[in-house]
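Given next are the chains, with one letter for each unit.
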Amino acid sequence: MNAGNSELKVKRVSSRKRSRDSLKTHLTPTRKRGGGPCLQQCPTDWRLSSIMADEQAVEFCSDSEDLFGDYDSILEDSSLLAKLDEVEQIERQLDVQPPAHTEAADQPDFTSLRPSKDVQKPSCEDILTDSILDGLGDEPFEDLPASLLQFQEQVNESVKRSRLQDGDKTSTPSRTSDRNMEDKSKRKARRSVADQLKRTMLGNATAPSNVSRTAVLKEAVVSEEISVAMQAMETVSAETTDLGPFFGLPTKVKDLMYKLRGIKTLYDWQETCLNLDCVQQRKNLIYSLPTSGGKTLVAEILILRELLCRKKDCLFILPYISLVQEKVRGLASFGLELDFMVEEYAGSKGKFPPVKRRNKTSLYIATIEKAHSLVNSLIESSRMENLGLVVVDELHMLGDGSRGAIIEMTLAKVLYMSKSTQIIGMSATLGNIKDLQTFLRAENYTNDFRPVQLKEYVKLKDTIYEVDPKEDECFRFSRALNFKYSSGMQKMDPDHIIALVTEVIPAHSCLVFCPTKKNCENVAGMICKYLKEDFLQLRQEEKSVLLRELRESGNGSLCPVLRRTVPYGLAYHHSGLTSEERKLVEEAYSNGVLCLLTCTSTLAAGINLPARRVILRSPYLATDFLKRSQYKQMVGRAGRAGIDSVGESILILQDKERNMAQHLVCAPMEKCFSNLKHDEGKGLLSLILSLVGLNVRDFLCGTLLYVQQEQLCVERSLWEEVQQCVELLKEKNLITVAADGQTLQVTKLGKATYKGSVDLAHSDVLYKDLSKGLEGLLLNSYLHLVYLVTPYDMISQCKPDWMTYFRQFTLLSASEQKMSAAVGVPESFVARKAAGQSVKKSVNMEVVSRMYLALVLFSLLKETNLWSVADRFQLSRGFIQTLLSSSSAFCSCVLHFTEELEEFWPFRALLSELTRRLSYCVRAELIPLMEVAGVMELRAKQLYNAGYKTLTHLANADPAVLSRTIENMFNKQANQIVASAKMLLSEKAAALQEEVDELLTLPSDLPQASNTEQV
């Protein structure tokens, strides 16, 4: 090379243009290898485990654009990379065979680039391994830009690591052990300076500016792991492709699993399930395991992979509001760390359609009803392609009445409208799982794994029998009860519940499932009477704190049963408790402060509270004999993973129940059938209405009802059922026939009905009530609005107490009494009923009962003291809590209903504020804190009094300080609350930013100057 030359001239060894095929590696984009277009997605042919396995590396495609095309750079025929490649080839030839003197003049002189002319040349093998950059000196290139200096340092570091290794050993197992040396030489030869420079140039092109070198490198590692387009290169060797340490997810996810959940490794079945071919190929999957087997973790890993790898939104459907809130709290920390949104869709929460985010993916965690509304809104806004994964917990609830019909409608719409959306269902073992597979076009994975062995027993008289399906009568003698009962105890406790619980408590935990709510309270009180005084000494201080918090949650009121049982470490748990009381009891049980809960079956279907022993007080739920699925769900709570070596369940039987119990414990699982025809076909009616409204055709063949029509459509064919539904919808003025005489189209009322998720049986009544309300809407009081949003389906659950009714009626203002008379409840009628007199005029009793419930809600909004309102109306506080949550949810539905009908515009702003008030029913200053998942009224008061008065305060709080400041708040709870607050704050900020971006975006249809001039 001459110093005066401005252009580098390189003589090619071959006059033929180099073939690019020889340069293609496993990191070359698929479309450049002739493999067709490469979508941005996780590889479909990996097989991973939570620990790196010695397995054959597989090909990964990169969706990064090949910026170099048929040239190596933008320098056209003077390609810098081509010349570097050529130089490298020449240097290698020089080492193998010294050039003739006659060719010296034609070869460029690169010796001036070397630090010393006396440096000993490396061997051919070394050159092929480390490239000619090994020969470059340590002097820095002072005139190079920062990005290339970084590249030089990376190369130098990689060279040092390579020289420390023996032979061709790498940091991960080699792909094939029996490859010959020639193959190795070829592979090493590909690690040229051009390839390294290419990778660095691509990295530099995508790297953010004004960021430190360390931050850039860290971000590059995370980005590569997430995209899985180019796996992180630990060394320069092409044999060290990192397959990902946690099922294709970044290392950070594995670290978070351990940090937040304490999970180091997965169960064998979980690894097997995640590595199934159908999962790799993103096919639909139904997997069935016993309760407490770890089903949810598999779903969460698949969700994280969809959010991070494919950059698609996910929907997680759970059956109860409490489960949704618990899952939001649990996943908020993951969302903050991994940069995705966690959004709650339960009760009155949720935006339809959801906020469209440009830079972040979202995980929607929803109840069954909210999930259906969410899917409808995504279909209507043509955004279904953004939904990559739908996960359904308790999939067997497809056979559970009206809620099962909603699940079926939701999944059928997802299947029909989006071919790329994957569906994952977690289910109990079912007898006709094949039907569900056909419906969802899914594979099935079943395993009987339990982390703790379960032993099932039944008790008859004084004898315990072990359940053994191999025995003729299913029962095998185990032992006789040895517990001395006095005659008084025998009379009080003929079923020997005290004997069974004292075998395990207080050293271990116990759950006693009772058939009714009242029985729960009675059993808890009875057990306390016969427990030793030693129980009172255990964890005395923590029990005192629990009692104090229970009293504070009731604004000074405390349940007399809990006041008596908690000092012994016992409590009851059912829907009669307020949501705050239930949460306090659950936390105390989880932390070991309480050792026994008497509960109803709702606990088994709710959050996971395992026990060493589970006792079923009776094989009945109220007056109905248990179903096998219900039985399995209850006994599945026996055995605490990581604590117990075995779990026990004991079913208490009477002699007359023996035969039925044998069928219960040993019979095969029940079958799951479509519920679209449940309750006179309400589900089918609702489905057809929404399909017409969404303009969807030829749909019903994709439902479970279609799969099971031979069993379910006996009297009339499915087509005849549909025809009947269409006629009924026409009669209700929800759909009509278009002008062409053939096409069906939805009316305004019909659209409002399905978008508001209003029951078809109530849509016309609601429309009439709202229309009548506009004529004389009372605005100086909440009473009129509260009456309009009192749920119709709650009316039958409450019978008015007429004296209470009359007493509360007389406390109303004159305008409020006038409004009551206008809707159909005059004072004279209430006075006559309170006096026990007959009423001659016919009065609509449903309206009367609805007004009574409205008075309950009205009192609650004024006082915000649930206990005093419950006492005044002689109703259980649990019922009032249910009424309040149902009203807030229905208020949200009515709001969406009115948004579709122009004549109801005055209601929109009014109902928006009322929904907020009903959702929390606390002092206005506490509402921002209670918006955070898991923060109830008592906790909100504690936080507010400690100085955390806004969402911003809470989001920026130190969890360690928070746990020390707030009484009885554990570190885990503090971390979850702060994470939830940060997620909510981020969600609100992102929504505002999206609105700003939308306002500042240049319209695509902006008129051009030429068009204006022509006009």
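Residues numbered from 1 in each chain as written. Predicted model: local features only at pLDDT ≥ 70, side-chain atom pairs only at ≥ 80, totals over all residues. Heavy atoms only, no water.

A. Structural context of the overall build of the protein chain. If you tally the helices and strands in the protein chain, you get 44 helices and 19 strands. Counted over contacts in the protein chain with a minimum sequence separation of 6, partners at least 24 positions apart contribute 72%. Of the roughly 49300 Å² of accessible surface on the protein chain, 50% is carried by carbon and sulfur atoms. (Helix = DSSP H or I, 4+ residues; strand = E, 2+ residues; numbered from the N terminus. Contact = heavy atoms within 4.5 Å. Areas by Shrake-Rupley, 256 points an atom, 1.4 Å probe, with all protein chains shown as cover.)

B. Layout of the confidence of the model for the protein chain. Scored by pLDDT, the protein chain has a mean of 81; 75% of the residues are at 70 or more. Averaged over each element, pLDDT in the protein chain is lowest for helix H2 (residues 124–130) (38) and highest for strand E2 (residues 313–317) (98). Low pLDDT (under 50) marks residues 1–78, which in the prediction has 144 contacts with non-local residues, meaning those over four places away or in another chain. Low pLDDT, under 50, characterises residues 165–190; the predicted model gives this stretch 33 contacts beyond four residues in sequence or across chains. (pLDDT = per-residue confidence, 0-100.)

C. Summary view of the packing of helix H35 (residues 845–863) against helix H37 (residues 877–899). At a minimum axis separation of 11 Å, H35 and H37 run at an interaxial angle of 95°. Looking at the two axes, H35 sits roughly perpendicular to H37. Facing H35, whose interface residues are Arg 850, Leu 853, Val 856, Leu 857 and Leu 860, H37 presents Phe 879, Ile 880, Leu 883, Leu 884, Ser 887 and Phe 890. (Axes fitted to C-alpha atoms, helices over the stretch in contact; angles between N-to-C directions. Parallel < 35°, antiparallel > 145°, perpendicular 65-115°, else oblique.)

D. Just the pattern of salt bridges, in detail. Counting across every chain of the model gives 39 salt bridges. Linking Glu 721 and Lys 677 is a salt bridge whose minimum nitrogen-to-oxygen distance equals 3.0 Å. Of this pair, Glu 721 sits in helix H28 (residues 718–731) while Lys 677 sits in the loop between helix H24 (658–666) and helix H25 (678–693); the two residues are 44 residues apart in sequence, bridging distant segments of the chain. For Glu 721, a relative accessible area of 9% translates into the label buried. With a relative accessible area of 29%, Lys 677 lands in the partly exposed category. Lys 730 is the salt-bridge partner of Glu 727, the closest N and O atoms lying 3.6 Å from each other. Taken together, the positions of Glu 727 and Lys 730, both in helix H28 and 3 residues apart, correspond to about one turn of that helix. Judged by relative accessible area, which is 42%, Glu 727 ranks as partly exposed. The network of salt bridges with common partners includes Glu 380, Lys 751, Lys 755 and Glu 900. (Salt bridge = Lys/Arg side-chain N within 4 Å of Asp/Glu carboxyl O. Buried < 20%, exposed > 50% of the residue type's maximum accessible area, 1.4 Å probe, protein only.)

E. Looking closely at unusual backbone geometry. Pro 353 follows Phe 352 through a cis peptide bond whose omega is -15°. With respect to the element layout, Pro 353 can be found in the loop between strand E3 (341–345) and strand E4 (362–366). Of the consecutive residues Ile 505 and Pro 506, the connecting peptide bond is found in the cis state with omega at 5°. Residue placement: Pro 506 occurs in the loop between helix H16 (497–502) and strand E11 (510–513). In this model, Arg 282 sits at a positive phi of 60°, which is unusual for a non-glycine residue. Within the secondary structure, Arg 282 sits in the loop between helix H9 (277–280) and strand E1 (284–288). With a phi close to 60°, Asn 695 is a non-glycine residue in the positive phi region. Within the element layout of this structure, Asn 695 appears in the loop between H25 and helix H26 (704–707). A relative accessible area of 56% means that Asn 695 is categorised as exposed.

F. Summary view of the side chain of Arg 612. Tracing the backbone through its elements, the reader meets Arg 612 in the loop between helix H22 (602–605) and strand E14 (613–616). The residues touching Arg 612, leaving out its near neighbours within four places in the chain, are Val 504, His 508, Ser 509, Ala 638, Gly 639, Arg 640, Asp 644, Val 646, Gly 647 and Glu 648.

G. Representation of the pairing of strand E17 (residues 646–653) in the model. Burial analysis of E17 places 8 of its 8 residues in the buried class, the great majority of the element. Burial along E17 is two-sided: Val 646, Glu 648, Ile 650 and Ile 652 facing one way and Gly 647, Ser 649, Leu 651 and Leu 653 facing the other are all buried. As paired elements, strand E8 (residues 453–460) and E17 share 8 bridges and run parallel to each other. When the bridges of E17 are listed, Lys 459 appears paired with Ile 652. As judged from the 4 bridges shared by E14 and E17, these two strands associate in the parallel manner. Across the sheet, the residue bridging to Ile 615 is Ile 650, located in E17. (Pairing = 2+ DSSP bridges.)

H. Structural context of the packing of aromatic side chains. The full count for this structure, using the stated rule, is 17 aromatic pairs. Here the aromatic rings of Phe 246 and Phe 247 are separated by 5.5 Å at their centres, their planes lie at 80°, and the arrangement is edge-to-face. Pairing Tyr 345 with Tyr 364 gives two aromatic rings, centres 5.7 Å apart and planes at 85°, and the pair type is edge-to-face. Residue Tyr 345 is located in strand E3, and its partner Tyr 364 is located in strand E4; the two are separated by 19 residues in the primary sequence. Per residue, the accessibility class of Tyr 345 equals that of Tyr 364, and both read buried. Cluster of aromatic residues (ring-pair linked, three or more members): Trp 802, Tyr 805, Phe 829, Tyr 852 and Phe 873. In this structure, Arg 658 packs its charged tip against the face of Tyr 465, placed 5.7 Å from the ring centre. The ring of Tyr 944 has Lys 949 sitting right over it, with the charged end atom 5.2 Å from the ring centre. (Phe/Tyr/Trp six-rings, centres within 6.5 Å; stacked < 30°, edge-to-face > 60°. Lys NZ or Arg CZ within 6 Å of the ring centre and 35° of its normal.)

I. Representation of helix H33 (residues 814–823). Buried residues of H33: Glu 816, Gln 817, Met 819, Ser 820 and Val 823, and no others. Buried residues of H33 fall within an arc of 155° about the axis and therefore sit on the same side. Of the residues in H33, the exposed ones pointing more than 90 degrees away from the buried face are Ala 814 and Lys 818. Where the residues of H33 are buried, they touch helix H30 (760–775), helix H31 (783–788), helix H32 (802–810), helix H34 (827–834) and H35. Gly 824 sits one or two residues past H33 and shows a positive phi near 120°. (Arc of directions from axis to C-beta.)

J. The sheet that holds strand E12 (residues 570–573), seen in detail. The strand order across the open sheet built from 8 strands is E10-E9-E8-E17-E14-E11-E13-E12, with neighbouring strands paired in mixed fashion. If you trace the sheet from one side to the other, it starts and ends with strand E10 (475–480) and E12, each paired once. Across the sheet, the axes of successive neighbouring strands diverge by a mean angle of 25°, strand direction being ignored. Relative to E10, strand E9 (residues 463–467) runs antiparallel, the two sharing 5 bridges. What sits directly across from Glu 466, in E10, is Arg 476.

K. Local environment of the sheet that holds E1. Strand order in the open sheet formed by 7 strands is E3-E4-E2-E5-E6-E1-E7, with parallel pairing between adjacent strands. Lying at the two open borders of the sheet, with one neighbouring strand each, are E3 and strand E7 (442–446). Each strand axis lies, on average, 15° off the axis of its neighbour in the sheet, ignoring direction. Across 5 bridges, the pairing between E2 and strand E5 (residues 387–392) is parallel. By the bridge assignment, Phe 316 is partnered in E5 with Val 391.

L. Looking closely at the pairing of E1. Within E1, 5 of the 5 residues are buried, which leaves it mostly tucked inside the rest of the structure. Burial along E1 is two-sided: the face carrying Asn 284, Ile 286 and Ser 288 and the face carrying Leu 285 and Tyr 287 are both buried. Alignment of E1 against E7, held across 5 bridges, turns out to be parallel. Across the sheet, the residue bridging to Asn 284 is Ala 442, located in E7.

M. View of the nonpolar core. Within the largest apolar cluster, 125 residues are counted, with the highest numbers of intra-cluster contacts made by Tyr 287 and Ile 527. Of all the elements, helix H10 (residues 295–308) adds the most residues to this core, at 9 residues. Apart from residues no more than four positions distant in its own chain, Ile 527 is found in contact with Ile 497, Ile 498, Val 501, Leu 570 and Leu 596. (Core = buried A, V, L, I, M, F, W, Y, C linked by side-chain atoms within 4.5 Å.)

N. Up close: helix H14 (residues 433–440). Counted residue by residue, H14 has 6 buried out of 8 residues, so it is predominantly covered. If you follow the buried residues of H14, they end up packed against E1, helix H13 (401–417), strand E6 (422–427), E7, H26 and helix H27 (709–712). Once H14 finishes, Arg 441 follows within two positions and takes phi at roughly 50°, a positive value.

O. Structural context of the side chain of Ser 849. Relative to the helices and strands, Ser 849 resides in helix H35. Leave out the neighbours within four places in its chain, and Ser 849 touches Ile 795, Cys 798 and Pro 800.

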